[in-house]
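Single-letter residue listing:
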Amino acid sequence: MIYKTDSQAISPYLQDASNYVGGFANKVVIPESIEELTCFLKTNTQQITIAGAGTGMTASRIPESGCIISLERFDSIGNPENGIIDVGPAASLANIYKKLEATEYFYPPNPTESLASIGGTLATNASGSRSYKFGVTRDYVLEADIILVDGNTITLKRGLTITNPLNISDGRQLFFPETTYKSPLCKNAAGYYVRADMDWLDLFIGSDGTLGIFTRIRLKLEVRPWSFISGILFFHKEEECWDLVDFIKKTNSKFINPCSLEYFDRHSLNRLRKKFANIPLNAQSALFFENDIDRQSDHDPALEAWFDYLKETSALRDSWFAQSSSDLKRFHEFRHAIPVLLNEENSRLKRTKIGTDMAVPRLHFKDMMFFYKNELERSGIDYVIFGHVGDNHLHINFLPDEQEIPKAHELYSRLVRQILEWNGTVSAEHGIGKLKKKYFLMMVGEESLCQLKAIKEIFDPDFILGRGNIF
């Protein structure tokens, strides 16, 4: 077991991508084996916060007090076999992708930050650009070994549902409490996942480090597509892009079947032009798309189908289409560049980042887009909108001056109220953590929050693990 107690050694663990300040811990504990972790938990009385790779956006890994447990030594990656791979919670997405490069398999979830640990992506049920077709992290977790806060262990597999008691290593049985709360039907990563007859495993995925500690994760893989057709389409108007997305979602075609649909508004393009000078000057919005192709024989017919389809749309003629693997890589760099550029801009200007992560059911997609634009334009606050338009899930980054920060928070609350009117969610992929608890309470209400606390209490009655997250 490694202990870090010096303030300078602890300091890096008090930071993440949210730029949240004010965290405190008196030590960092780094177990080097399951046995060491178990022994520590069985004697611990302090609050515990689990530290992932620090790529999270909601300060989940930053403790309010107590100690930090870092699982950085649990970074094993097994060999894929029959479409399955076992990994440790600290294995990074980048290393998992690299491990799979020489195989016939790939792991579909692709969050923007590939340095994220797989355990962190489970904690938030992360997704990425390909979630439109391939789904989210939860869809690829088959099994997990978990240590509870008291040092007891469980192994959760698919098919073990909450209608049955959960057997703990010390012989106890845990029963899922009565609850009327149900998670929204749209893409969602807000609080605990609760659905009738769900698997126990689904409860732990997306639990923001508050229910247990993943020590081994078994992932389902997919056979790698033969290729991808990809493009970045540009439009004179933002509304023209929204219309095309709506048409694509309704299209019933063998070949018009994208796995990624990613949106960039005019404020995004203005910033991206610093890095991609060939963005058309008259473009006011853009759509990045990818269409996976399973068989070589389907590539040319699919490419022709896309060209024919787009001829009838308002996409600009100087839109981009991938002609090579290097183009595919460059398009992904385009997709991932805007969050990096915004973080650099915020850091340079010492500006507070206020970002949304909301989604709505498909029925309200266009309503959401017009509502966002009208409210944001009326506010006068600088902003950027980009993200997973296929999932009706956009990221708004408010970029307020210091004196505009209260106004930005008021606007955020106003947007939340309308999203909830449409049965949406306040977090579709980043979780609640410490930063979105106010909005989560608006989403679920006091009664449901008490029911969710009752779920927490069957695993951690003293609220030792991940205190300050969700509740």
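One can find the structure itself at the top, above this paragraph.
Treat the numbers as computed from the prediction; the structure is a model and nothing was measured. (Residues numbered from 1 in each chain as written. Predicted model: local features only at pLDDT ≥ 70, side-chain atom pairs only at ≥ 80, totals over all residues. Heavy atoms only, no water.)

1. Describing the packing of aromatic side chains
To keep things clear, this is the line we draw: Aromatic rings from Phe, Tyr and Trp, with only the six-membered ring used for Trp, were paired whenever their centres fell within 6.5 Å, and each pair was classed as stacked if the ring planes differed by under 30 degrees, edge-to-face if by over 60, and tilted otherwise. Secondary structure is summarised from DSSP: a helix means a run of H or I of at least four residues, a strand means a run of E of at least two, and numbering begins at the N terminus for each. Here's how the labels work: a residue is buried when its accessible area is under 20% of the maximum for its type, exposed when over 50%, partly exposed in between, all with a 1.4 Å probe on protein chains only. Whether a charge lies above a ring is judged from NZ of Lys or CZ of Arg, which has to be within 6 Å of the ring centre and within 35 degrees of the ring normal.
A full pass over the atoms with the stated rule returns 21 aromatic pairs. Ring geometry for W320 versus F331: centroids 6.1 Å apart, planes at 25°, classification stacked. Note that W320 is positioned in strand β16 (residues 320–321) and F331 in helix α10 (residues 325–349), a separation of 11 residues in sequence. Assessed through its relative accessible area of 1%, F331 is described here as buried. Centroid distance F371 to Y372: 6.5 Å. Interplanar angle 40°. Geometry classified as tilted. Each of the two residues, F371 as well as Y372, counts as buried. Over the aromatic face of Y193 sits the side chain of R138, whose NZ or CZ is 3.9 Å from the ring centroid. Over the aromatic face of Y140 sits the side chain of K220, whose NZ or CZ is 5.2 Å from the ring centroid.

2. Let's talk about the pattern of salt bridges
Rules: Salt bridges are counted wherever a side-chain nitrogen of Lys or Arg sits within 4 Å of a carboxyl oxygen of Asp or Glu.
Evaluated as defined, the whole model comprises 30 salt bridges. Bridged by salt links that share partners, the residues D86, E143, D145, R216 and R218 form one connected network.

3. Here we look at the sheet that holds strand β1 (residues 2–4)
In plain terms, the rule: Note: two strands are recorded as paired if DSSP finds a minimum of 2 bridges between them. Angular values range over 0 to 180 degrees, each being the angle between N-to-C directions of two axes fitted as lines to C-alpha atoms, with helices fitted over their stretch in contact. Contacts between residues were defined by any pair of non-hydrogen atoms, one from each residue, lying within 4.5 Å.
Strand order in the open sheet formed by 4 strands is β1-β2-β4-β3, with mixed pairing between adjacent strands. On the outer flanks of this sheet lie β1 and β3 (48–51), each paired with one strand and no other. Between one strand axis and the next, the sheet turns through 25° on average, direction left out of account. Seen against the sheet, helix α2 (residues 34–43) touches β1, β2 (27–30), β3 and β4 (67–70) and runs at an angle of roughly 160° to β4.

4. Section: the nonpolar core
Cut-off, in case you're wondering: Grouping buried Ala, Val, Leu, Ile, Met, Phe, Trp, Tyr and Cys residues that are joined through side-chain atoms within 4.5 Å yields what is termed a nonpolar core.
If you look at the biggest cluster of nonpolar residues, it comprises 102 residues, and the most contacted ones within it are I118, L203, F204, L287 and Y372. Looking at this core element by element, the count peaks at 8 residues for helix α13 (residues 437–459). Dropping the residues within four chain positions of it, Y372 is found in contact with M358, I385, L394, I396, L415 and I419. L269, A283, W320 and V384 belong to the second-largest nonpolar core, a separate cluster that totals 21 residues.

5. Points about helix α12 (residues 405–421)
To be explicit about the condition: To estimate the expected span of a helix, count its residues, drop one, and scale the result by 1.5 Å.
Counted at 1.5 Å a residue, the expected span for α12 with its 17 residues is 24 Å, and the 25 Å between its end C-alpha atoms agrees. Considered for burial, the residues of α12 that qualify are I405, A408, L411, Y412, S413, L415, V416 and I419. Turning to α12, the residues buried within the fold contact β17 (354–355), β18 (358–359), α11 (365–379), β20 (393–398) and α13. Directly beyond the C-terminal end of α12, a positive phi value near 60° is found at N423.

6. Regarding the packing of α12 against α13
Axis angle and axis distance: for two packed helices, these are the angle between their axes and the distance between the axes, and together they describe the pair. The line we're drawing: For this classification, under 35 degrees means roughly parallel, over 145 means roughly antiparallel, 65 to 115 means roughly perpendicular, and everything else is oblique. Helix crossings get a hand from a simple test, with the near helix turned counterclockwise from the far one by less than a right angle marking a left-handed crossing and a clockwise turn marking a right-handed one. Three classes are used: nonpolar for Ala, Val, Leu, Ile, Met, Phe, Trp, Tyr, Cys and Pro, charged for Asp, Glu, Lys and Arg, and polar for all others, with Gly counted as polar.
One can describe the packing of α12 onto α13 by two numbers: an axis separation of 10 Å at closest approach and a directional angle of 25°. On the basis of their axis angle, the class for α12 and α13 is roughly parallel. Considering the relative orientation of α12 and α13, their crossing is right-handed. Residue-level contacts link H409, Y412, S413, V416, R417 and L420 of α12 to K438, Y439, M442 and M443 of α13. Of the residues belonging to the contact of α12 with α13, the class tally is 6 nonpolar, 2 polar and 2 charged.

7. Some remarks on α13
What counts, and what does not: The term bend refers to the angle at a residue between two fitted axes, each drawn through seven residues, those ending there and those starting there.
Taking 1.5 Å per residue as the helical rise, α13 with its 23 residues ought to reach 33 Å, whereas the 21 Å between its terminal C-alpha atoms falls clearly short. In α13, a bend of some 100° at G445 exceeds every other bend along the element. Of all the residues in α13, the buried ones are Y439, F440, M443, V444, S448, L449, Q451, L452, I455, K456 and F459.

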